[in-house]
Amino acid sequence: MNLTELLPAEWRDELTPHLDTAATAALGTWVAEEYATQTVYPPVEDLFAAYRLCSPAQTRVLILGQDPYHGPGQAHGLSFSAREGVRRPPSLSNIFKELTEDLGVPKPASSDLTGWAKQGVLLLNAVLTVRAAKAGSHGNKGWEAFTDATIKALNERDERIVFLLWGSYAKKKAVLVTNPAHVVLEAGHPSPLNRVGFLGSRPFSAANKALADGGRPVIDWDPAATV
């Protein structure tokens, strides 16, 4: 599995300078074997959905997750998003609760965040695959370097990008954002297991303020919004 060849061309061009060729090839071989021998999420056709829906030039906000949902039918390549028709994951329920408190957006009927992605919200997981029912099972296999390269590439862009880093794992990536054009907004993880730090953080209005201050269009945070 040639991972860089599977990327949209714009992303391939921007990530390649930040990737180790041998390590990326080894990761591709390992991921291909996992897909061939295990039940792996998301489906391979959705592996790079976040990149496909949101080009580097379009990216205005990055929301970083850790790894995909590991239940049947949930993951489709976008961090925190879940497919239509599956039970809403608890973290996403808290995200929607905060969205309502922050901006007054009614609780969405769907758990699919494709509408955000199409507006320039890169919904990126630090690890892009997972074995069924085994959270974190594909960690430390090489995906972290691949997605760190994504953050480094975005950091080099001149137009403002807002990085929403939720939870201790995501916050560690703040060191990769060194360009003063960009804004990092940190909060606790939206998981119900984390009782403080996310609810009340008002990330959506803060992100839009940062975008407006940087002269970029704001996001319509209603996931049902069409663009």
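Residues numbered from 1 in each chain as written. Predicted model: local features only at pLDDT ≥ 70, side-chain atom pairs only at ≥ 80, totals over all residues. Heavy atoms only, no water.

1. Points about the UniProt feature "active site" (unreviewed entry) in the protein chain
1) Next: Following the UniProt record, the feature "active site" (unreviewed entry) maps to D67 here.
2) Next: Among residues more than four places away in sequence, those in contact with D67 are N125, V127, V130, A135, G136 and S137.
3) Next: In this structure the side chain of D67 is engaged in a polar contact, spanning 2.6 Å, whose partner is the backbone nitrogen of G136. (UniProt positions renumbered as here; feature names shortened; annotations may be inferred. Contact = heavy atoms within 4.5 Å. Polar contact = N/O pair within 3.5 Å; in protein donor to acceptor, adjacent residues only side chain to side chain.)

2. Quick notes on the UniProt feature "domain: Uracil-DNA glycosylase-like" (unreviewed entry) in the protein chain
1) Next: Residues annotated by UniProt as "domain: Uracil-DNA glycosylase-like" (unreviewed entry) correspond here to residues 52-211.
2) Next: The annotated region residues 52-211 carries 29% helix and 14% strand content, and the separation between its end C-alpha atoms amounts to 22 Å. (Helix = DSSP H or I, 4+ residues; strand = E, 2+ residues; numbered from the N terminus.)

3. Regarding helix α7 (residues 143-155)
1) Next: Between its first and last C-alpha, α7 extends 18 Å over 13 residues, near the 18 Å set by a 1.5 Å rise per residue.
2) Next: Within α7, 11 of the 13 residues are buried, which leaves it mostly tucked inside the rest of the structure.
3) Next: All buried positions along α7 are accounted for by W143, E144, F146, T147, D148, A149, T150, I151, A153, L154 and N155. (Expected span 1.5 Å × (residues − 1). Buried < 20%, exposed > 50% of the residue type's maximum accessible area, 1.4 Å probe, protein only.)

4. Overview of the pattern of salt bridges
1) Next: Per the counting criterion, the structure on display carries 7 salt bridges.
2) Next: R157 is the partner of E14 in a salt bridge, and the nearest nitrogen-oxygen pair spans 2.6 Å. Within this pair, whereas E14 is found in helix α2 (residues 9-15), its partner R157 is found in the loop between α7 and β5 (162-166), the two being separated by 143 residues in sequence.
3) Next: Note on E14: relative accessible area 24%, which makes it partly exposed.
4) Next: Between D148 and K173 there is a salt bridge whose closest N-O contact spans 2.8 Å. Of the two residues, D148 is situated in helix α7 and K173 in the loop between α8 (168-171) and β6 (183-187); the sequence distance between them amounts to 25 residues.
5) Next: Accessibility expressed as a relative area gives 17% for D148, which makes it buried. (Salt bridge = Lys/Arg side-chain N within 4 Å of Asp/Glu carboxyl O.)

5. As for the sheet that holds β5
Hydrogen bonds along the backbone pair up the strands of a sheet, which may run parallel or antiparallel.
1) Next: Read from one edge to the other, the open sheet built from 4 strands follows the order β3-β2-β5-β6, with strand pairing classed as parallel. The sheet is open, and its two edges are formed by β3 (121-125) and β6, each paired on a single side. Geometrically, the sheet is characterised by an average inter-axis angle of 20 degrees between neighbouring strands, direction not taken into account.
2) Next: Bridge count for strand β2 (residues 61-65) against β3 is 5 bridges, and the pairing is parallel. Directly across from V61, in β3, lies its bridge partner V121.
3) Next: In the packing of helix α9 (residues 203-213) onto the sheet, the strands contacted are β2, β5 and β6, and the crossing angle to β5 comes to about 160 degrees. (Pairing = 2+ DSSP bridges. Axes fitted to C-alpha atoms, helices over the stretch in contact; angles between N-to-C directions.)

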